[in-house]
Each structure stands twice: as C-alpha cells, then as structure tokens.
Amino acid sequence: MADFLMPSLGADMETGKLVQWLVKPGDRVKFGDVVAVVETHKGAIDVEIFLDGVIDNLAPLDQEVPVGTVLATVRQSGETAAPAVAAVAPAAVAAPVPVITEVSAEPARSAANVGRIRISPAARQRAQQLGVELAALAGRGTGEGGAVCLRDVEAAVSRHPAEATAATGSDVHRGFDPAQMRQAIAAAMGRSKREIPHYYLTDSIDFGAAAQWLAAWNAERPPEQRLLPAVLLLKACARALLAYPQFNGFYEDGGFRAAAGIHPGWAVSLRGGGLVAPAIHDADRQTLPQLMTAMRDLVQRARAGSLRSSELADPSITLTNLGERGAESVLGVIYPPQVAIIGFGRVQPRPWVVDGQLAVRPLLNVSLAADHRVTDGHLGGQLLAGIGDALQHPDTL
Amino acid sequence: MDKDEVMALVGKVLAGIAPEADLAGVGDDEDLRAALDLDSMDFLNLIIGLSQGSGVAIAEKDYPRLFTLQGIRDYLSA
Amino acid sequence: MSTITYREACRQAIRAALQADPRCFVMGEDVGRYGGCYGVTKGLLEEFGPQRIRDTPLAENGIAGAGVGAALAGLRPIVEIMTCNFSLLALDQIMNNAASLAHMSGGQFAVPLVIRMATGGGRQLAAQHSHSLEGWYAHIPGLKVLVPATVEDARHMLAAALADPNPVLIFEHIVLYNAEGELDEAVSAVDIEHAKVRRSGTDISLVTYGNSLPKCLAAADELATAGIQAEVIDLRVLRPLDSATVIASVRRTHRCLIVDEGWRSGSISAEIAARVADEALYELDAPLRRVCSAEVPVPYAAHMEAAALPQVADIVAAARALVSPAG
C-alpha cells in the first residue's frame, strides 16, 4: 500500500485545496495519470500520480490541506484491500527508535514562515467562512505583532463586501487570483534574495546564424509548423546544461542535489500580471519541433490556469526570455531551491566586429544569475559560452 | 474575404489569445502587439489563426505587414 | 448577607462539619492549643475537645498516614498541613496511598480524606514557605484539588470535599485569610466540579484561581477604564479541571490570558493553555499567554517578592498587549 500525497508544487506552496477527483475508489491508476485537480495560487493544477495500482480511500474535496497530506492510498499489485488506517499504522509501529539530536528550531521555522501570512487561527477561519482571500489581508494586521485578527477580516469585508467574498462551491475554478499569485511571488523572491548569494554574468551572443537558420526553416513551412527563436534558446540551454550539470538542480539541506533530468522552467508572463515557470521536461532530448509544440501547449495552459503537477514540481532551472518587445537584458532572481536562472533579452541589430571588420549583426544579451553556494563565476562563464556556441550551430540543435 | 469578415476573424482569433482584449479600443494603425501586449508566441498564434481562418498563406517575412489592424485587412482582403 | 473574613469562613466550615458528622475530626500541627498556624482552628479545641481537635507531632508523613488510615477505617478526617511545602514530606502517603488505594483495591476501599494546606506567597515567608504546589498535585489521578478564592467557596467547599469518597486537597492562600467578602446566607452548598465566571466580558478571558483571582478582578476594573472588557474565570477546582467553562469563555472573547502564581514551566497554566489550543485553536484571535511567577525560589525581600509574583500591573499589561497592541 502506498500513499498518494498532496504534492509540493514549488517552494512557495504550503497548502493546496483538492477540488476534484478524476478517479473513483477502486479505479486502476498508472504512473503519470492525472487523477485529481488541486487549486493553488498558480491555478487549478491537474495532479498526476506516480504509482501503479488500485486507488482507494479518496480524501474529501474542498479542504485546504498541507503539502504531504495523504489524499488517497494505492494498493499495488499483489496487495489485498485493507482498511484505511492500516495504511498508516504499521509505518508508525515499525519506526526505529528516534535518535535525539539537539536541533535549533529557528532556521526551519523561519523557512516555513516564508510566504505564510501572520494571522490568528480565528481570523483565518473567519476569512474562509466569509470567502475573504488571505492575500487581501496581508499587511493589514492590527493584532499583536502585526498579525491579522478578527477585526481586520471584518474590516476587509466592510471595505469590499462584493469583491472580498469569492464564489464558493466545488466548481473547479480555472485561472488564478492575481493578488494571491503576487503574494506567492513576493514570498519566493523575498526568500531568494534573503537566502541565496547570487552572482551575475552577462554576455553578448551573435544571433545571426540562428536567425538565418530559423528564417530558412520557417520560410518552407506553414505558420503552425514554424519555430520561434525561443525554442532555439531553450534547446541551446538544455545542451549547455548537459555539460554543466552544476546549474541544473537544487540547493537543499545545505548542499547541492543535481536534478534527475534537464527540466527547465520556462517563465510565462500571465495576462493581468504575475508569472509562472512550469517545466518543459527533458528539454535536451526533444527535437526543436517537439519543443515548439510543448512550449505552445505550456504557455496556453499556464495562462488558462491549467498546469499539471509535475510541471510545477519539477523545474530544475528557470529560463526567462523577454522576447522581441522586451528589454535589452535581464538579470534574474533565482527561484528557490533552484540554483540558477538564465535570462535572454531582446535580439536587436548592433554594430559588431566580425573577422576584424565592423558589421551589423543581430545581438542577443544572455545573463546568468547563479547561486554562489554551488558554483563560481568561472564555471558560469563556461555555461554562457556553451550556450553561445550552441547557437552558432543551429542545425545541430 | 471582405473587410468585415477579416475583422470578425481577427476578433475571433484574438479572443482565444487575449480574452480580455477590446479591439474597439485599438486604432487602425496601432501596433497590435503593443496595444494588446502580445508576445511572440501570441503573435505567432494570431498568424496561425488568420492563416487557417482565411486560407491565405502568410510568409514569415510578411509578418511586419500584419502588425496593425489596417495591415491585416489589407493583407487578407487583397 | 454578612461580611466575613476568609479565615472565619474556613473556621465556620470546619465547625459546621464537626457538628454535622460525629465521624469528622481535625488533626495537624498546632491546630489545637495554638489555634492553627494561620488561626483557622482558633477556639475549636475549647468547643469540641481534644478527641476531635488533635495536635500532632511535627511529622507530616505520619499525620497524612494516620489520616489515610482513619479514612479507610470509616472516619472523616480533616488534616491540616501547615503550609504546602511541608506536604512534600507527606507526598508518599498522599500519592502512593491516598490517591491510589481506591484503584488498587478495585474500588473496595475509599479514602474520604480531606487535607487542607496553606499555599502561596506574598507575606515575606521566603523561599521555603511561599510555594504554590496546587498545580503539582493537580497532576495526580485519584486526587481532587480545590482552590477556594472567595469566602463562599472557603465556607462551603469543605462539606462537598468531605462528602466526596476520594481524597481531596484544599489549598487556602495565605494572603486570602485576611480578605473580607460578602457571604450570602441563602447559599448552603457549592459544587466542586465547575469553574465560575466571576466577571463577564467580551474582549479577553482571564483564567485564574486562588489569590490571583482578586488580582485579575482588579486588573479587569483597570482594563475597563481603557475600554477593554475582560471576563474573569475562577477555576475553583484544578483537578478535575473544568475545561468546558474555559473553552466556552474563549469562544466568547477569542483571547486568553492565564494567571497562575505557580512557576510557568510544567504548570497548571501550561495544561490550560494546551487544552485551549487543542479544543479551541480556531477561536483564538491572539496568542495564548500566561502571567506566572518568576522561576526563582520566592525571595524574602518585599520588593523582590512583589517582583517575583504576578501583580495587577503585569496582568493589565499582558491583556492590553493581546487586545490592542497599538494602544
């Protein structure tokens, strides 16, 4: 018997609300199936299961539960049905004698508090009853230590009676709340800037070869088969990360852990504000047309608030591309516990020296913000050079 | 395609890309990408929608001619 | 209605018990000729004679043991332990015998023993005679622990304690003995099960007992002038603890301050806080907080003793911080 848990969909997620089951008790599930929908500040997320077997003991809907809460049990082949409690009890009994160590509770607590609004239990419950979004209460606490208390919730309701009360009911609400998302971004980025010693590198890449290759590719194809420059950038990064895996992974428990695959989180800005950076899985192993399809699908679903759990849980590095109307360069903020973010500015024609001659070339500014606890600038420079080199040979991507 | 049909098509395609966009507020000569905050993926999706909806092949090098509503009308109703 | 001191109320309670039941007697150090260390039993020797008001040697384990034996044999002893620190010498009899025998005998033996003890600080009796050990005793299953804070409870709790088949400890606060209060003659009995709301309020619950009750009532008066309506709960009984009354109050006020003259660590105040957190977490609009004695042996010097014990100003400050931190 294995437990199916409320997944962690990013460092900024502490709880999720199960809003829909897509399976029934007794259904057979297999690795990768979407079995449930969970509401988060990043929208309604289709949650995949990474177990094979028969699912049972489905948790009730519409309850906000912490990450790691058991949502269902899965009976794997060879096991017989057992009551729900049996899934939990043996593990507790079999637990080894705990080793008692003195641990300072402080760091863990401060980490857990990041992004968590300081609100009294009574106020939290009242807000939930009244449908007041917690994000709307942030910074408005008048209680002890600035905590939000009951009177602040009541005040919020009298301020905006209509806005504050959200629709209730178990309809799956696709899309996301910009205020909630802003709060989550604030928490994650605040933590990043507090905890991660960033270093920054920038470089200029001659995008001429890539642009030329793209134009030739696209000229022969109808619009739906055409590629965007972003796809070349994605693939070039994936290629370079193969050679420099120190940038592809997570800083956890005081050390670096390399990710199992190259799953870059692609930053998608959302209409109406906010952004999300869901993973494009195994980007190094996909062809350019495959990546284009994946990216188009991902952007569309990110904006519709309909991502899958693995896309939020798996990003191993973030890529941000400002695009043709963006700024010239960007210096990113690492999304913890990732250890790097690569940024691309707008491609624009610039005077450039080629073979000792001045020429006008389309130039692309690339930047790296990386975690100095894991890597140094020397290695970062090599990573950027690797990306630049890959873009000089677009036909090999 | 006449001009009204083109505008109806533009409206339909954009509704799928930028649901909140109000075409009535966009001037004929305004850059749609700026007016509606379309990124390159959005713009590519617009081109795909226009091309499929009108049956007109749109070459990549012609993209700049479709940056405005006026341009799109001229291009597709030509 | 008549005005009466707490000491006089205790004495009336004992006299009434002795009159009502021939099985009832008093024993303890200096309870007879001297009239009790705090004068509670003054005059009773003359009234009831040496058979029923018995001076004992200074041997608390022996006194308590004799009390357990007498109770087992069918009498209704009222044992006085001079101050609760001396009860530590009697702890074996209280805990291993009095509290356990009913259980160990499968209910064949009851131990209807009552032990009265003086408790608390505030009269410059220094580190060895100023303890508040009632919270400790409330830890022990098989005992009932009463903490009368009003003249009414001092007057009527004893009868209920004697009627109870279990050993009952009554903690009388040394500062309260001289306190005066109104005694309503129409009241002839009180229960020893429930806490009581001594003052109603809407903004914060002050949960307390013993000599901290008058301090909390004074604090509530002062808070009222600042527009804060404090509800004051007198626990009255520390074991079994009436959490329902406390929880009901917290549901009304959404804030809880526990005031306990015992030391903070491992105290009855911690137990109350844990129960509120357990049963009423989602009612709380502010952190659970406590005002307790400083964790030092109680000092002798008056100003240091005052600083070590909970005072009205401490209670007011803590309550204000929870209700309106800005003000």
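Residues numbered from 1 in each chain as written. Chains lettered and ligands numbered in written order. Predicted model: local features only at pLDDT ≥ 70, side-chain atom pairs only at ≥ 80, totals over all residues. Heavy atoms only, no water.

**Considering the environment of Asp62(A)**
Link 1 in the chain: Within the secondary structure, Asp62(A) is located in the loop between β6 (53-56) and β7 (64-66).
Link 2 in the chain: Residue classification places Asp62(A) among the partly exposed positions, given a relative accessible area of 31%. (Helix = DSSP H or I, 4+ residues; strand = E, 2+ residues; numbered from the N terminus. Buried < 20%, exposed > 50% of the residue type's maximum accessible area, 1.4 Å probe, protein only.)

**Brief notes about the confidence of the model for chain C**
As a general rule, the predicted coordinates of low-pLDDT regions are not to be interpreted in detail.
Link 1 in the chain: For chain C, per-residue confidence averages 96 on the pLDDT scale, and 99% of positions sit at 70 or higher.
Link 2 in the chain: Predicted complex, confidence summary: ipTM 0.88, pTM 0.51. (pLDDT = per-residue confidence, 0-100.)

**What about the pairing of strand β4 (residues 76-81) of chain C?**
Working note: regular strand, side chains alternate between the two faces of the sheet.
All names here are of chain C.
Link 1 in the chain: Within β4, six of the six residues are buried, which leaves the element mostly enclosed by the surrounding structure.
Link 2 in the chain: Residue alternation in β4 divides its side chains into two sets, Arg76, Ile78 and Glu80 and Pro77, Val79 and Ile81, and both sets are buried.
Link 3 in the chain: Where strand β2 (residues 24-28) meets β4, five bridges bridge the pair, whose relative direction is parallel. Residue pairing in the sheet places Cys24 in a bridge with Arg76 of β4.
Link 4 in the chain: Strand direction decides the pairing type here: β4 and strand β5 (residues 114-119), joined by four bridges, are parallel. Of the residues in β5, the one forming a bridge with Val79 is Ile115. (Pairing = 2+ DSSP bridges.)

**Remarks on the interface of chain A and chain B**
Link 1 in the chain: Every contact between the two is made by 16 residues of chain A and, on the other side, 23 residues of chain B.
Link 2 in the chain: Taken as a group, Arg226(A), Arg271(A) and Arg325(A) account for 41% of the area that chain A buries against chain B, more than any other trio of residues on that side.
Link 3 in the chain: Here chain A is connected to chain B by four salt bridges.
Link 4 in the chain: Arg325(A) serves as the salt-bridge partner of Asp37(B), at 3.2 Å between the closest nitrogen and oxygen.
Link 5 in the chain: Scanning the region where chain A abuts chain B turns up 10 residue pairs in polar contact (both at pLDDT 80 or more).
Link 6 in the chain: The set of elements that each furnish at least two residues to the side of chain A that touches chain B consists of α7 (208-219) and α9 (288-304) of chain A. (Contact = heavy atoms within 4.5 Å. Buried area = accessible area lost by both parts, 1.4 Å probe. Salt bridge = Lys/Arg side-chain N within 4 Å of Asp/Glu carboxyl O. Polar contact = N/O pair within 3.5 Å; in protein donor to acceptor, adjacent residues only side chain to side chain.)

**Some words on the nonpolar core**
Link 1 in the chain: With 101 residues, the main nonpolar core has Trp21(A), Phe247(A), Ile342(A), Ile387(A), Leu391(A) and Leu46(B) as its most contacted residues.
Link 2 in the chain: Per element, the largest residue contribution to this core is 10 residues, and it comes from helix α8 (residues 229-243) of chain A.
Link 3 in the chain: Counting contributing residues, this core receives three or more from each of domain 1 (2-94) and domain 3 (196-396) of chain A.
Link 4 in the chain: Setting aside chain neighbours within four positions, we find Ile387(A) in contact with Ile205(A), Ala236(A), Cys237(A), Ala240(A), Ile342(A) and Phe344(A).
Link 5 in the chain: If you look at the next biggest cluster of nonpolar residues, it comprises 45 residues, including Ala70(C), Val111(C), Val145(C) and Ala195(C). (Core = buried A, V, L, I, M, F, W, Y, C linked by side-chain atoms within 4.5 Å. Domains from an automatic or database assignment.)

**Re the interface of chain A and chain C**
Link 1 in the chain: With 11 residues of chain A at the interface, the matching set in chain C holds 15 residues.
Link 2 in the chain: Roughly 890 Å² is buried in total at the junction of chain A and chain C, and carbon and sulfur atoms are behind 52% of that figure.
Link 3 in the chain: At the surface where chain A touches chain C, the tally comes to one salt bridge.
Link 4 in the chain: The closest approach of N and O atoms between Arg289(C) and Glu144(A), which form a salt bridge, is 2.3 Å.
Link 5 in the chain: Counting every contact that joins chain A to chain C gives six residue pairs in polar contact (both at pLDDT 80 or more).
Link 6 in the chain: Here the side of chain A that touches chain C takes four residues from helix α3 (residues 121-130) of chain A, the largest share from any one element.
Link 7 in the chain: Of the residues contributing to the side of chain A that touches chain C, the split by class is five nonpolar, four polar and two charged. (Nonpolar A, V, L, I, M, F, W, Y, C, P; charged D, E, K, R; others polar.)

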